[in-house]
Amino acid sequence: MAASIRTHMGTTQYLPISAKGNSWEFFKHEPKRLEFISSSITETIPSLSIPRSGHLETGRRRRVSVSAVKGGGGEGGNQPSVGGGGGGGGGLTYKDAGVDIDAGTELVRRIAKMAPGIGGFGGLYPLGDSYLVAGTDGVGTKLKLAFETGIHDTIGIDLVAMSVNDIVTSGAKPLFFLDYFATNHLDVDLAERVIKGIINGCEQSDCVLLGGETAEMPGFYADGEYDLSGFAVGIVKKDSVIDGKNIEAGDYLIGLPSSGVHSNGFSLVRRVLAQSGLSLTDKLPGEDITLGEALMAPTVIYVKQVLDVISRGGVKGIAHITGGGFTDNIPRVFPKGMGALISTGSWPIPPVFKWIQEVGKIEDDEMRRTFNMGIGMVLVVSQEAAVRILGEGNGANPVYPIGEVVSGDGVSYY
């Protein structure tokens, strides 16, 4: 069956999203209602269309470690818990753990007064018929877990991922990467392990590690500890920039799965870990891996997958789900007056998030504003592109139809 097959069934619309033999799972679309059904089919299904409307004016903007846009939202108190235990009050919050997203938002607002036009995932600089797209980031307090577990070989992948995943949201192909490695006393063997991870990340991104800085700063860091920063530059033709200006109500949101926590929210993770009474060498409850292994899983680098999807057309906007989660990051690519309706049961939530929520008694809205919840990148696509992407998204690169663009503001969940 061709991936472009779509269907009309009365007023209800169905999109095929996965197949095993003749058994297909469908994405069911009705006004204000999304759900999943199963069916068996052996013949072609006619196509469907969805009317859309909307417009966005956008400029070059700067991404910071927390969202520059605080999403509104329609999440109600009766929403089901994403992990089975976060509906009540009194649970841990990111702010309790020392990170104030609202303070970060306020800083961006103040910076915008001095340097208008900031707030996006990457900065665009005109160069002939193209834009250079630049991004910078670190890996936050995930480093603390690297020190405690001794897992230093993959933290460099995280570092690369955080920047290249940002710049690919504009459709840019990464060209090169620069790193900054700072430590109290240079342990050459340890630094080599970290740099190998950075090179691995660059290979996954099809870019070059062009250079970097190694800073030895006695008395500034604790013995055996270090800090990392990364900087990526890519390029995209001006007429190929993904800028969200054509996003319309009725467009689909396609989620690309994460490997776990990635590189955000670790201050809250460490607070939960301390509260749990478990160590990083203990098993993640119900799973065959340790907590350390689950939490240190390297951030997925989406560059090749996303550029391949973009090359086939129909991608209107892309959101990298980092600090601020769904609630703050998805609206950053939307026009005014457009919001997102997310079906919380439309993708598998990794067990590590369920454990975090249950142990920390964290409310659903706090989880969704702090963590990626199993989706590390969201593509806003036309209905036609959604059919193709969902039809091809089996195997090594699974994808999930997680919702749609609707009239309104912020992100609503159901």
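Remember, it's a predicted structure, so these values are computed and weren't measured experimentally.

1. Some thoughts on the packing of helix α3 (residues 155–167) against helix α4 (residues 188–205)
And step 1. Direction vectors running N to C along α3 and α4 enclose 40°, while the axes themselves pass 6 Å from each other. Considering their axes alone, α3 and α4 lie oblique with respect to each other. Helix-helix and strand crossings are classified by hand; for α3 and α4 the assignment is right-handed. Seen from α3, the contacting residues are I155, G156, I157, L159, V160 and V164; seen from α4, they are V194, G197, I198, N200, G201, C202, Q204 and S205.
And step 2. Across the contact of α3 with α4, the residue classes tally to eight nonpolar, six polar and no charged.

2. Side note on unusual backbone geometry
In terms of backbone geometry, most residues other than glycine have negative phi values and most peptide bonds are trans.
And step 1. Of note in the backbone geometry, H262 takes a positive phi value of approximately 60° without being a glycine.
And step 2. Judged by its relative accessible area of 3%, H262 falls in the buried class.

3. What about helix α2 (residues 142–149)?
And step 1. Those residues of α2 lying buried are K142, L143, L145 and A146. Down the axis, α2 shows its buried residues gathered within 160° of arc, on one side only.
And step 2. Those residues of α2 hidden inside the fold are in contact with α3, β9 (226–237), α5 (266–276) and α6 (291–295).

4. Regarding the packing of α5 against helix α9 (residues 351–360)
And step 1. As a packed pair, α5 and α9 sit with axes 9 Å apart at the nearest point and diverge in direction by 65°. For the pair α5 and α9, the sense of crossing is left-handed. Along its contact with α5, which presents V269, V272, L273, Q275 and S276, the element α9 presents W355, I356, V359 and G360.
And step 2. Looking at the contact of α5 with α9 residue by residue, the classes come out as six nonpolar, three polar and no charged.

5. A few points about the nonpolar core
Soluble globular proteins: nonpolar side chains tend toward being buried together.
And step 1. Formed by 96 residues in total, the largest nonpolar core has its most connected members in F326, F334, I342 and I356.
And step 2. Among the elements that line this core, the one with the most residues is α3, at seven residues.
And step 3. For I356, the residues in contact, after removing those within four places along its chain, are V261, V269, V272, I362, M367 and F371.

6. Focus: the pairing of strand β14 (residues 400–407)
And step 1. Within β14, six of the eight residues are buried, which leaves the element mostly enclosed by the surrounding structure.
And step 2. Two elements, strand β10 (residues 252–257) and β14, share four bridges in a ladder whose sense is antiparallel. If you follow L253 over to β14, its bridge partner there is G403.
And step 3. Judged from the five bridges that link them, strand β12 (residues 338–342) and β14 form a sheet pairing that is antiparallel. Looking at β14, one finds that I342 is bridged to G403.

7. Observations regarding the confidence of the model for the protein chain
And step 1. For the protein chain, the average pLDDT comes to 80, and 77% of its residues sit at 70 or higher.
And step 2. Scored below 50 in pLDDT, residues 1–88 shows 245 contacts in the model against residues more than four places distant or in partner chains.

8. Regarding the sheet that holds strand β8 (residues 208–216)
Pairing between the strands of a sheet comes from backbone hydrogen bonds, and it takes one of two forms, parallel or antiparallel.
And step 1. Across the sheet, which stays open at both edges, the five strands sit in the order β5-β6-β9-β7-β8 with mixed pairing between neighbours. Each edge of the sheet is formed by a strand with only one pairing partner; in this case those strands are β5 (123–127) and β8. If you compare each strand with its neighbour and ignore which way they point, the axes differ by 20° on average.
And step 2. Two elements, strand β7 (residues 173–183) and β9, share 10 bridges in a ladder whose sense is antiparallel. Paired with F177 across the strands is A232, a residue of β9.
And step 3. Strand contacts of α3: β6 (130–137), β7 and β9, with the helix running at about 35° to β9, the strand carrying the most contacts.
And step 4. Of the strands in this sheet, β7, β8 and β9 are in contact with α4, which crosses β7 at around 165°.

9. Focus on the pairing of strand β13 (residues 375–381)
And step 1. Within β13, seven of the seven residues are buried, which leaves the element mostly enclosed by the surrounding structure.
And step 2. Bridge count for strand β11 (residues 315–320) against β13 is five bridges, and the pairing is antiparallel. Considered in β13, the bridge of G317 is made with V380.

10. Some points on the packing of aromatic side chains
And step 1. Going through the model one piece at a time under the given rule, you end up with five aromatic pairs.
And step 2. Both rings, one in F147 and one in Y226, keep their centres 5.0 Å apart while their planes meet at 75°; by these two values the pair is edge-to-face. Taken together, the residues span a long stretch of sequence, with F147 in helix α2 and Y226 in strand β9 at a distance of 79 residues.
And step 3. Judged by its relative accessible area of 3%, Y226 is buried.
And step 4. An angle of 75° between the planes, with centres 5.1 Å apart, marks the rings of F220 and Y221 as edge-to-face.
And step 5. Residue class for F220 comes out exposed when judged on its relative accessible area of 58%.
And step 6. Connected via pairs of aromatic rings, a cluster forms that spans F147, F181 and Y226.

What counts as what
Residues numbered from 1 in each chain as written. Predicted model: local features only at pLDDT ≥ 70, side-chain atom pairs only at ≥ 80, totals over all residues. Heavy atoms only, no water. Axes fitted to C-alpha atoms, helices over the stretch in contact; angles between N-to-C directions. Helix = DSSP H or I, 4+ residues; strand = E, 2+ residues; numbered from the N terminus. Parallel < 35°, antiparallel > 145°, perpendicular 65-115°, else oblique. Left-handed = near helix turned anticlockwise from the far one by under 90°. Contact = heavy atoms within 4.5 Å. Nonpolar A, V, L, I, M, F, W, Y, C, P; charged D, E, K, R; others polar. Buried < 20%, exposed > 50% of the residue type's maximum accessible area, 1.4 Å probe, protein only. Arc of directions from axis to C-beta. Core = buried A, V, L, I, M, F, W, Y, C linked by side-chain atoms within 4.5 Å. Pairing = 2+ DSSP bridges. pLDDT = per-residue confidence, 0-100. Phe/Tyr/Trp six-rings, centres within 6.5 Å; stacked < 30°, edge-to-face > 60°.

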